[in-house]
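Observations on the model geometry
This is what each chain is made of:
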Amino acid sequence: MNPRRKKLQKIIELREKTLDECKLALKATQDAQRQAEALAEEQRRQVLAAEEHRAGLTRGVVSLDAWVQGEQWLSSRRTSLELAKVAVARADHGVSAARVSVLDARTGVRRIEVLEERLKTQELKRETRLEQRFLDELSARQVEALTRRSAERVSRG
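Residues numbered from 1 in each chain as written. Predicted model: local features only at pLDDT ≥ 70, side-chain atom pairs only at ≥ 80, totals over all residues. Heavy atoms only, no water.

Description of a nonpolar patch on the surface
- Among the surface-exposed residues, Val62, Leu64, Trp67 and Val68 lie close enough to one another that they form a single nonpolar patch of about 330 Å² accessible area.
- With respect to the helices and strands, Trp67 occurs in helix α2 (residues 64-156). (Patch = residues over 30% accessible without salt bridge, like charges linked within 9 Å, V, L, I, M, F, W, Y side chains within 5 Å. Areas by Shrake-Rupley, 256 points an atom, 1.4 Å probe, with all protein chains shown as cover. Salt bridge = Lys/Arg side-chain N within 4 Å of Asp/Glu carboxyl O. Helix = DSSP H or I, 4+ residues; strand = E, 2+ residues; numbered from the N terminus.)

Okay, structure coming up:
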């Protein structure tokens, strides 16, 4: 293996390492996304519970203090839900960015692999040409030697 191919092989190894790191980052962002979605779902359930509680308050006679507390709780649950939705959106964006990174890393690895394959093909062609040239020279020398021998036989005879 010539020095250029060795360098390309090293680059491939480094790019594959980067690809592996990108895959790990993607997995981590996907895990974070699942956690954010689970939190958002929990917040949705809490908002529904708060709305049911408030609906229960409207059916009966309730003190003003209980009504205000119910409204505040519902408002805080809705705020928490909105924050959870924002977290899900950020997580979705993170997953998308991580996927793009993985695709870029794969493309980078593939480009270097293609370059290495081309270099390998060029080396093989060069070696084949050199071998053919050697065989042609060997054949020419053999023909020359046979011609010389024939000429010597003719001149003796």
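A few points about the packing of helix α1 (residues 3-59) against α2
- Two numbers describe how α1 lies on α2: the axes approach to 6 Å, and their chain directions differ by 165 degrees. Taken together, α1 and α2 sit at an angle that is classed as roughly antiparallel. When you trace α1 past α2, the crossing you get is left-handed.
- Looking at the contact of α1 with α2, its residues break down into 32 nonpolar, 13 polar and 19 charged. (Axes fitted to C-alpha atoms, helices over the stretch in contact; angles between N-to-C directions. Parallel < 35°, antiparallel > 145°, perpendicular 65-115°, else oblique. Left-handed = near helix turned anticlockwise from the far one by under 90°. Nonpolar A, V, L, I, M, F, W, Y, C, P; charged D, E, K, R; others polar.)

Regarding the nonpolar core
- Counting residues in hydrophobic clusters, the biggest one holds seven residues: Leu19, Cys22, Leu26, Val95, Ala98, Val102 and Ala105.
- Top contributing element to this core by residue count: α2, with four residues.
- Beyond its immediate stretch of four places on either side in the chain, Cys22 contacts Ser101, Val102 and Ala105.
- By size, the runner-up hydrophobic cluster in this structure holds five residues, among which are Ala36, Ala40, Ala84 and Ala91. (Core = buried A, V, L, I, M, F, W, Y, C linked by side-chain atoms within 4.5 Å. Buried < 20%, exposed > 50% of the residue type's maximum accessible area, 1.4 Å probe, protein only. Contact = heavy atoms within 4.5 Å.)

Concerning the side chain of Glu116
- Locating Glu116 in the fold gives a position in helix α2.
- Despite its burial, Glu116 remains without a salt bridge, the nearest opposite charge being carried by Arg5 at 4.3 Å.
- When near neighbours in sequence (up to four residues on either side) are disregarded, Glu116 contacts Arg5, Leu8, Gln9 and Ile12. (Lys, Arg positive; Asp, Glu negative; His and termini not counted.)

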